[in-house]
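Results of the structural survey
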Amino acid sequence: MAPPSSPPTPWQRCRSSMLSGSGTWPQAGRPNTPLEHWTRTGIACVSAPSVYQKLRQRHGQAVSVYIFEYDRRFAVYGEEFIFYDYNKPLELPARIAAHSFDIVVADPPYLSEECLRKTSETIQYLAQGKILLCTGAIMEEAAATLLGVKRCKFIPQHTRNLANEFRCYVNYDSGLDQGL
Ligand SMILES: C[S@@+](CC[C@H](N)C(=O)[O-])C[C@H]1O[C@@H](n2cnc3c(N)ncnc32)[C@H](O)[C@@H]1O
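Residues numbered from 1 in each chain as written. Predicted model: local features only at pLDDT ≥ 70, side-chain atom pairs only at ≥ 80, totals over all residues.

The name an unreviewed UniProt entry assigns to the protein chain is EEF1A lysine methyltransferase 1 isoform X2, from the organism Echinops telfairi.

Here is the structure:
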């Protein structure tokens, strides 16, 4: 459910790659990790509400997903909604423990070093290890420095042509380089 009329995002293609119809997610060394794995761990969607929505739409309660978002319209998702302002990267509810998410998927709102640096603080607080970042091509160096992520061959597309080139960055074997 898109609060509101959620616009298509650069994640459109990325999501379908991650969320293969087989009910599995790509994972380092285990390309067909059973969906049950994701119910024991958790997925944090940081400034990436459409990823949260697609996961819920496709997998229902079979996955544990939280949405960290500034737009309070997403509060319709109840306890899974965590109000989040990248300007206060660690101002999170006490119930959100450090390193409690198996994977953090983030799409920071601005293409600036400051925004990425602050969002990275949040990502590092939340993540146990895996990080999937979607941001502009111009942020590649900062992303590598701040998060140790590398650009994927896969290029996210946007139905409305964006002025800035977008890319996906990961710090694990995501499968987003395969078949490209
Ligand atoms: C570049 S958009 C990415 C949207 C994403 N592709 C998705 O999944 O729909 C960034 C997101 O950051 C959110 N945002 C805006 N201001 C923010 C802030 N101060 N702190 C955190 N997130 C913010 C927007 O509401 C938006 O959902």
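Points about the overall build of the protein chain
Looking only at helices and strands, the protein chain has five helices and seven strands in total. Counting from the amino terminus, the protein chain carries its helices and strands in the arrangement α-α-β-α-β-β-β-α-β-α-β-β. Counting every position in the protein chain, which comprises 180 residues, the buried fraction comes to 37%. Taking contacts inside the protein chain between residues at least 6 apart in sequence as the whole, the part at least 24 apart equals 60%. (Helix = DSSP H or I, 4+ residues; strand = E, 2+ residues; numbered from the N terminus. Buried ≥ 20, exposed ≤ 12 C-beta atoms within 10 Å, placed from the backbone. Contact = placed C-beta atoms within 7 Å.)

Concerning helix 3 (residues 49-59)
Note: α-helices contain 3.6 residues per turn, so residues at a spacing of three or four share the same orientation. Along helix 3, the residues classified as buried are Pro 49, Ser 50, Val 51, Tyr 52, Gln 53, Lys 54 and Leu 55. Residue Gly 60 follows helix 3 closely and has a positive phi angle near 50°.

As for unusual backbone geometry
Note on backbone geometry: most residues besides glycine have negative phi, and most peptide bonds are trans. Even without a glycine there, the phi angle at Ser 47 is positive, about 55°. Looking at where Ser 47 falls in the secondary structure, it is placed in the loop between strand 1 (43-46) and helix 3. Despite not being glycine, His 99 shows a phi value in the positive range, around 55°. Residue classification places His 99 among the exposed positions, given that 11 C-beta atoms sit within 10 Å.

What to know about the nonpolar core
Grouped together as the largest cluster of nonpolar side chains are 40 residues, with contacts concentrated most on Cys 45, Val 46, Val 104 and Val 105. Elements that contribute at least two residues to this core include exactly strand 1, helix 3, strand 2 (65-69), strand 4 (101-106), helix 4 (113-126), strand 5 (127-136), helix 5 (140-147) and strand 7 (166-170). With residues up to four places along the chain from it excluded, the contact list for Val 46 reads Phe 68, Tyr 84, Val 104, Val 105, Ala 106, Thr 119, Thr 122 and Ile 123. (Core = buried A, V, L, I, M, F, W, Y, C linked by C-beta atoms within 7 Å.)

Some remarks on the pairing of strand 4
Most of strand 4 is tucked away: five of the six residues are buried. Pairing geometry for strand 1 and strand 4, over four bridges, is parallel. When the sheet's bridge partners are listed, Ile 43 is paired in strand 4 with Ile 103. As paired elements, strand 4 and strand 5 share five bridges and run parallel to each other. Bridging across to strand 5, Val 104 finds its partner in Ile 131. In this fold, strand 4 hands off to helix 4, which returns the chain to strand 5; that crossover is right-handed. (Pairing = 2+ DSSP bridges. Right-handed = clockwise from strand over helix to strand, strands pointing away.)

Remarks on the sheet that holds strand 6 (residues 150-151)
Spatial ordering of the open sheet is given by 3-2-1-4-5-7-6, a layout of seven strands whose pairing is mixed. Since the sheet does not close on itself, it has two edges, and those belong to strand 3 (81-83) and strand 6, each with one partner. With three bridges joining them, strand 2 and strand 3 adopt parallel strand pairing. Bridge assignment links Glu 69 to a residue of strand 3, and that residue is Phe 83.

Observations concerning the packing of helix 4 against helix 5
Axis angle and axis distance: for two packed helices, these are the angle between their axes and the distance between the axes, and together they describe the pair. Viewed as axis vectors pointing N to C, helix 4 and helix 5 meet at an angle of 30°, and their least axial separation amounts to 10 Å. Taken as axis vectors, helix 4 and helix 5 run roughly parallel relative to one another. Considering only the axes of helix 4 and helix 5, their crossing is right-handed. Contacts from Glu 113, Leu 116, Arg 117, Ser 120 and Ile 123 in helix 4 reach Ala 142, Ala 143, Leu 146 and Leu 147 in helix 5. Tallied by class, residues from the contact of helix 4 with helix 5 come to six nonpolar, one polar and two charged. (Axes fitted to C-alpha atoms, helices over the stretch in contact; angles between N-to-C directions. Parallel < 35°, antiparallel > 145°, perpendicular 65-115°, else oblique. Left-handed = near helix turned anticlockwise from the far one by under 90°. Nonpolar A, V, L, I, M, F, W, Y, C, P; charged D, E, K, R; others polar.)

Regarding the pairing of strand 7
Counting buried positions along strand 7 yields five of five residues, so the element is predominantly enclosed. In strand 7, alternate side chains face the same way, and those of Phe 166, Cys 168 and Val 170 on one face and Arg 167 and Tyr 169 on the other are all buried. With two bridges joining them, strand 6 and strand 7 adopt antiparallel strand pairing. Along strand 7, the bridge assignment pairs Arg 151 with Tyr 169.

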